[in-house]
Each structure stands twice: as C-alpha cells, then as structure tokens.
Amino acid sequence: MRKQILLSLAAVLALAPVVKAQEKAPAPLVVQAKRGLTTSDATKGFGEWKDYATRSFAQLTDFKPKETKLSPYGGRKDKRTKATGFFHVKQLNGRWWAIDPEGYYFLHTAVNTVTMGASARNKEALKETFKDSRGWASAANQLLRENGFNGTGSWSNVKELIASPRQEKTPLAYTVNWDFMSAYGKKRGGTYQKPGHRGYPNDVIFVFDPEFEAFCDNHAKQLAAYKDDKNVFGYFSDNEMPFGRKNLEGYLTLDPKEPGYAAAHQWIKERGITPEQITDAHRKEFLAFAAERYFSIVAKAIKKYDPNHLYLGCRFYGNQREYPEMLEAAGKYVDVVSINYYNVWTPEQDKMRNWGAWSKKPFIITEWYVKGEDSGLPNRTGAGWMVKTQQDRGLFYQNFTLGLLENPNCVGWHWFQYQDNDPTLEGAEPSNIDANKGIVDNYYQVYQPLMDKMREINQHMYQLADYFQKKK
C-alpha cells in the first residue's frame, strides 16, 4: 500500500508542471470582423462577420516588459552602431534596422496624413481646441511622441510640424512623397483620379516618354531644401502605381504614336514574338524591364540632389507584393521597399521573408488600418476591415504589429491615418469620404481605447523585436 501511495504521489508531482503551464497559457483571443469587398464604384461593401484569431500584448505571458531609454529621435539607446548624421538602414545580427542620426537602432513608427482637417467643422474644432495651426502642430507632436510614435508618413503637414518648437526637443522623423510620375502625368495630361491613387491610360505609366528623365531631374531639385535636415526619414517617389503583369499588353494597345507603344513593340520585336505569342514569362520579364527603368531614373534624380536620405520606394499595393520581379527591380535602387498592406488580418511571415529575399532590402508597411462600427461614420469608402469597437481596433493594431516585429526584414509601419474622414467635406478624394480611419475624430478627440493599445506596443517595440529574434 505504501508503495502504491508513493507511486501515486510521484505521478501527481510529475503532472504538476504541466498543470502549472496550462494555468499560465493565455486564453485564445478572437475578434469579430468583416472584410471589405471591392465594388464597381468607389464604395466598399463588406462580407459577413467572422471570428479572427488575434494575438495581443497581454497574451505574451513570457515577455517581461522593461523601460527602454530612447534617443531624441526615438531610437533605442541600448544598441548603437556607426552614426552618419542621417537616418539609414543596416542589417545587424540577422535583423534589419533603421539607424537614427546618432547611430541608435530605430524602427519608424508613424502615422499618415498628420494634417489639419479641411472641412468647416474641422476648422472650427481646431480653433476651439488648439487656437491656431501652431497650437495644433505642438499638440500633434506631443500626442504622437507620448504614445510611442516617432514619425509622420505621407501627406502630412510637414511645414507646420517642423516649424513647431517641439520639433527640436522631440523631433518627428518625417517623410515626403514627391509624386514623380503623377506630377509628370498631370503636366503631360492623360491621368485621372481613382480611389486612392492616380489612374493612367490602359493602366500603364509614362516611363518610356523621352521627357520623363529630364522632368525627374528638374522635379528633384526641390529635395535640395531638405538635404541637410537630420529629421527627414526618407522619400517616396509615388503612390500605388499600376505596375502589373498585364502591362505589356497595356502598352501594346496604346495609340501607336505613344512612346510606350513604341517601346513595347520594340521589346517584343527583339524577342521575335508577336502580341499573340506573349507568355506569362514574357509578361514578367517586361514588367521587370519597365519597373527597373522607373526606379533607375527616379533614384538617380533623388540621390543627385539629396544623397543623405533614404529612398523608400513607391508604395506597392495589391498583388504587386507577390511579384518577385518587381521586388528585385526595386531592390536595386531603393533603400527600403514600401508596401501598402491591406486585406490581411495577420501579416504573412513566409511572404514577408520573400520580400527581403527578392529585394535584398528591408521593408516598411506604409498603409494599413481598420474601421470601427461604433464611430458613428458610414464607413462605406476606403479599404480594409471593419470591427465593432475602438477596443477591437486596438487589438487589430496589436495583432498586426506583433506580426511585423516578428519579421527581421521590417523596419517600421505607418498607420493610415491621423484623422477620420469627414463626410461633410466637399470634393474629398473618393477613397477618403466617410470612414473611421483616424486616431482622432473630426473634433480632434482621441480614440482612447485604440490609442491605449497602440501605446502598449509602441513603447515596447524594441524589446519585442529582441523577444521574437531570440525565439528563432
């Protein structure tokens, strides 16, 4: 009997660690969401509500948070490499990092379109809340830096933000989108507005126009004014251009007088094929040819007038992130690949690894967001997901950024955007009419449940990057 008791006790003790581990295991977390569906016009419909597995900061039970001291730019002061006086990128110990001007490891966490609202009620609310643009710029800087954001993304009010006295003490690392191709297209004629970006005839850009290179050189002279600003994180050359595997046919169906038609016709002639003999292999090869021409011309112009700052690419979108030939062509000329990453609940690790392998460069996510049903806005326009509450928006942010931090090729992310769309604004861009995209509403009030979750990740992002790196 005594022997049986001892055996039973041993069995219980053997099971004890398992029970303890089970008690510590986080409960599965799901968030109800519905995915946006593209319709024939600028509006979006949605699928059915579904449960999506979601990972939050609270679920990382073996992660031990501690304070990370930051440089003035928001870089981590516990890790340093050679300083250049400007932001740059470097692969160190198996992970890509941005490096701040003082040499500290850095991830660019930014918000797009940090600017003052243009509607009548936006302007009235700004006056009541901040008095003037100077007060707004100071408050915007404080809001971002206190919640772990260290920069601004595309379409932000750079002029007001860099004029703020806070920019000296707590600078925001800002970006500028120079719109090389779309600016050329407006001057040339033939482009038009599509939801989210410019449209081009037959969905092909004017990269074969003989005037394009000279235009880029002249356009890039503007960069000289920013050349010595240590707070510039980098430049985008365009946004969401129609690079695609149907480009070859698109150029071949232009008017024969068009330079793009002539270039495509010469290209297939050199390969001894007719339009009817085009294969998928030809389409991929031509796409790489067109993309390399664009990136080589634009990069040359950017680096001529500002060799100090990062070239962040042209903000790929949609299926472009699936094209090895695109990433490879871009990687020859950009410092960082920029990707607008929609329609994905959790970042895809295998695909993000491919981006690094194909381009040989790090990437940054430059647009992504989720809308809340509780915002009171119709949410009919724009891309992305719908969730029920602002708390759920915060959980989406955590799930997404944890996936990005897990990937060694990621050097940051830009949330879209600072302020909600205002349905009362006349003449708004078609994808930005009535949706809850902001960290603040149309009266500049912060969505606190969202912001609390954002801050929780942002303030621990460097430790989290180390945490995931150690697990590999």
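Remember, it's a predicted structure, so these values are computed and weren't measured experimentally.

J.: Can you help me understand the side chain of Lys-371 in this one?
T.: Considering the arrangement of structural elements, one finds Lys-371 in strand S17 (residues 370-372). Reaching out from Lys-371, the side chain makes a polar contact with the backbone oxygen of Thr-381 at a distance of 2.9 Å.

J.: Which parts of the structure should I look at to understand the pairing of strand S15 (residues 337-340)?
T.: One face of the sheet, then the other: side chains in a regular strand alternate in exactly this way. On S15, burial covers both faces: Val-337 and Ile-339 on one face and Ser-338 and Asn-340 on the other are all buried. Examined bridge by bridge, S15 and strand S16 (residues 363-367) share 4 bridges and lie parallel to one another. Across the sheet, the residue bridging to Ile-339 is Ile-365, located in S16. In this fold, the crossover linking S15 to S16 by way of helix H12 (residues 349-359) has right-handed handedness.

J.: Would you mind showing me how to read the nonpolar core here?
T.: Buried together is how nonpolar side chains tend to be arranged in soluble globular proteins. Judged by nonpolar contacts, the single largest core of 132 residues is most densely connected at Trp-136, Met-181, Phe-243, Tyr-294, Phe-316 and Ile-439. No other element matches the 12 residues that helix H10 (residues 280-305) contributes to this core. In contact with Tyr-294, not counting residues within four places along its chain, are Met-181, Ile-205, Val-207, Phe-212, Ser-237, Asp-238, Met-241, Phe-243, Tyr-311 and Cys-314.

J.: What is the right way to read the packing of aromatic side chains from this model?
T.: Here the distance between the centres and the angle between the planes together describe a pair of aromatic rings. Counting across every chain of the model gives 46 aromatic pairs. Between Phe-57 and Phe-63, the ring centres sit 5.7 Å apart and the planes meet at 75°, which makes this aromatic pair edge-to-face. Phe-57 sits in the buried class, given a relative accessible area of 10%. Directly above the ring of Phe-236 sits Arg-315, whose terminal nitrogen or CZ lies 4.8 Å from the centroid. Here Lys-388 stacks its cationic end above the ring of Trp-49, 5.0 Å away from the centre of that ring.

J.: Explain the environment of Asn-442 here, please?
T.: Relative to the helices and strands, Asn-442 resides in the loop between strand S19 (410-415) and helix H14 (448-458). For Asn-442, a relative accessible area of 4% puts it in the buried group. Distance in space between the C-alpha atoms of Asn-442 and Ser-119 is 8.9 Å, their sequence separation being 323 residues. Ignoring any residue separated from it by four or fewer positions in sequence, one finds Asn-442 in contact with Arg-121, Asn-122, Ala-125, Gln-419, Asp-420, Asn-421 and Asp-422. Separated by 3.0 Å, the side chain of Asn-442 and the backbone oxygen of Asn-421 make a polar contact.

J.: Where do I start with helix H7 (residues 212-219) in this structure?
T.: Given 3.6 residues to a turn, an α-helix orients residues that are three or four positions apart in the same direction. Three or more residues of H7 are buried, namely Phe-212, Phe-215, Cys-216 and His-219. All buried residues of H7 fall inside an arc of 100° around its axis, so they share one side. Close packing links the buried residues of H7 with helix H6 (180-188) and H10.

J.: What should I look at first to understand the sheet that holds strand S6 (residues 95-99) in this one?
T.: For sheets, the rule is that strands pair by backbone hydrogen bonds, running either parallel or antiparallel. Here 4 strands make up an open sheet; going across it, the order is S4-S7-S6-S5 and the pairing antiparallel. In the strand order of this sheet, the two ends are held by strand S4 (76-80) and strand S5 (88-92), each with one partner. Across the sheet, the axes of successive neighbouring strands diverge by a mean angle of 55°, strand direction being ignored. In terms of strand pairing, S5 meets S6 through 5 bridges, oriented antiparallel. Its bridge partner lying in S6, Val-89 is registered against Ala-98. Seen against the sheet, helix H15 (residues 461-471) touches S4, S6 and strand S7 (104-106) and runs at an angle of roughly 160° to S6.

J.: Could you clarify how one ought to interpret the confidence of the model for the protein in this entry?
T.: Note that predicted coordinates carrying low pLDDT should not be read in detail. Mean pLDDT over the protein stands at 94; residues scoring 70 or higher make up 93%. Under a pLDDT of 50 for its full length, residues 1-23 has, in the predicted model, 0 contacts with residues more than four places off or in other chains.

J.: What's the story with the environment of Pro-72 in this structure? I'm lost.
T.: Within the element layout of this structure, Pro-72 appears in the loop between strand S3 (50-53) and S4. When the C-alpha atoms of Pro-72 and Thr-279 are compared, they prove to be 53 Å apart, with 207 residues separating the residues in sequence. In contact with Pro-72, not counting residues within four places along its chain, are Glu-102, Arg-145, Lys-169, Thr-170 and Pro-171.

Reading guide: rules and limits
Residues numbered from 1 in each chain as written. Predicted model: local features only at pLDDT ≥ 70, side-chain atom pairs only at ≥ 80, totals over all residues. Heavy atoms only, no water. Helix = DSSP H or I, 4+ residues; strand = E, 2+ residues; numbered from the N terminus. Polar contact = N/O pair within 3.5 Å; in protein donor to acceptor, adjacent residues only side chain to side chain. Buried < 20%, exposed > 50% of the residue type's maximum accessible area, 1.4 Å probe, protein only. Pairing = 2+ DSSP bridges. Right-handed = clockwise from strand over helix to strand, strands pointing away. Core = buried A, V, L, I, M, F, W, Y, C linked by side-chain atoms within 4.5 Å. Contact = heavy atoms within 4.5 Å. Phe/Tyr/Trp six-rings, centres within 6.5 Å; stacked < 30°, edge-to-face > 60°. Lys NZ or Arg CZ within 6 Å of the ring centre and 35° of its normal. Arc of directions from axis to C-beta. Axes fitted to C-alpha atoms, helices over the stretch in contact; angles between N-to-C directions. pLDDT = per-residue confidence, 0-100.

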